[in-house]
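# Architecture and fold: a report
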Amino acid sequence: MARTIAKDHREKRSAILKQAAVYFADHGYDRASVNGVASACGISKSLIYHYYDSKEQLLFDILHSHLTALYEGLIALQPAADPEVQLRQLVRKLLQMYRGADAEHRLQLQSTTALPKAQRHILADIQRSIVNEFSQAICAAAPDYLGQASDHLRPLTMSLFGMVNWFYLWNQPGRGMSRESYADLATEILLGGLTRLQNQGQSL
């Protein structure tokens, strides 16, 4: 007999994912246990297993849900006619979606390698799609330069992610720059660097 799905299945699953992400991130995924997840969520171990077959499946669902939400949020943005505006709004949107998801973000950066290869490939495909959105925006902002120096596109894109992805480590909520202001600063640093590179190329 097929198991029926409770009306609040989605809400319970989301709550488990959120609490489990915090628990994994705070305690370290390798040291974490299903018993610990259950305690952190305030539910029984058997209820965890009602939704997930293993600790690995739970981690995968946390990361898959997080990355999918990021990608869907980015592609839902209204495209801007100005490439620089498009890049700026992508960076702003990414940092906005990171708000409240520090635990998921930390797990993405630190614990993906704990998953089986097939699951890592699924997550990597979503990450590549996210990176591609930014690569296209950067390329559109300097098409002539990057048309001649295409090997610079990936380093530039990943440098931007380097500025944005570690924001959670040093940012103190309520103090200093807002996420929006920092997104604009990171965008200006990248665009300013692109302008300098283009000018250097023209002077050679």
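To start, this report covers the structure provided alongside it. (Residues numbered from 1 in each chain as written. Predicted model: local features only at pLDDT ≥ 70, side-chain atom pairs only at ≥ 80, totals over all residues. Heavy atoms only, no water.)

### Let's talk about the packing of aromatic side chains
This is how it is decided: Pairs were defined over the aromatic rings of Phe, Tyr and Trp, the Trp ring being its six-membered one, requiring ring centres within 6.5 Å. Orientation was assigned from the angle between planes: stacked under 30 degrees, edge-to-face over 60, tilted for the rest. A 1.4 Å probe rolled over the protein chains alone gives each residue an accessible area, and that area as a share of the maximum for its type sets the label: buried under 20%, exposed over 50%, partly exposed in between. Whether a charge lies above a ring is judged from NZ of Lys or CZ of Arg, which has to be within 6 Å of the ring centre and within 35 degrees of the ring normal.
As enumerated under the stated definition, the model contains seven aromatic pairs in all. Both rings, one in F24 and one in Y29, keep their centres 5.0 Å apart while their planes meet at 75 degrees; by these two values the pair is edge-to-face. Of the residues examined, Y29 reaches a relative accessible area of 5% and is grouped as buried. Through successive ring pairs, a cluster of aromatic residues spans Y23, F24 and Y29. The aromatic ring of Y29 is capped on one face by K55, whose charged end is 4.4 Å from the ring centroid.

### Concerning helix α9 (residues 153-165)
Where we set the bar: A helix here means a DSSP run of H or I that spans at least four residues, while a strand means a run of E at least two residues long, and both kinds are numbered starting from the N terminus. To estimate the expected span of a helix, count its residues, drop one, and scale the result by 1.5 Å. Directions drawn from the helix axis to the C-beta atoms are what define this arc.
The terminal C-alpha atoms of α9 lie 18 Å apart, and with 13 residues this matches the ideal 18 Å at 1.5 Å per residue to within 8%. By the burial criterion, the buried members of α9 are L153, L156, T157, L160, F161, V164 and N165. The arc enclosing the buried residues of α9, seen along the axis, measures out at 160 degrees, which places them on a common side.

### Comments concerning the packing of helix α4 (residues 55-75) against helix α5 (residues 83-98)
Keep this limit in mind: Here, axes are lines fitted to C-alpha atoms. For helices the fit covers the stretch in contact, and angles between N-to-C directions go from 0 to 180 degrees. Note on convention: the crossing is left-handed when the near helix lies turned anticlockwise from the far helix by less than a right angle, right-handed when the turn is clockwise. The criterion used for residue contact is that any of the two residues' heavy atoms lie within 4.5 Å. Residue polarity is assigned by list, with Asp, Glu, Lys and Arg as charged and Ala, Val, Leu, Ile, Met, Phe, Trp, Tyr, Cys and Pro as nonpolar; anything else, Gly included, falls into the polar class.
Across the interface, α4 lies against α5 with an axial gap of 10 Å and an inter-helix angle of 145 degrees. Here α4 and α5 pass one another in a crossing that is right-handed. Contact with α4, carried on its side by A69, L70, G73 and L74, involves L90, K93, L94, M97 and Y98 of α5 and no other residues of that element. Broken down by class, the residue content of the contact of α4 with α5 amounts to seven nonpolar, one polar and one charged.

### Some thoughts on the pattern of salt bridges
Threshold: Criterion for a salt bridge: a side-chain nitrogen of Lys or Arg within 4 Å of a carboxyl oxygen of Asp or Glu.
Within the structure shown, the criterion is met by eight salt bridges. Across the salt bridge formed by E104 and K18, the nearest N and O atoms sit 2.8 Å from each other. With a gap of 86 residues between them, E104 in helix α6 (residues 102-110) and K18 in helix α1 (residues 9-27) connect regions that are remote in the sequence. With a relative accessible area of 7%, E104 lands in the buried category. We note a salt bridge from R128 to D125, for which the minimum N-O separation is 2.3 Å. Here R128 and its partner D125 are both found in helix α7 (residues 117-141), three residues apart, which amounts to about one turn of the helix. Residue R128 is classed as exposed on the basis of its relative accessible area of 52%. For D125, a relative accessible area of 42% corresponds to the partly exposed category. Here the residues in one salt-bridge network are R88, R92, D184 and E188, joined through shared partners.

In short, geometric facts, not functional conclusions.
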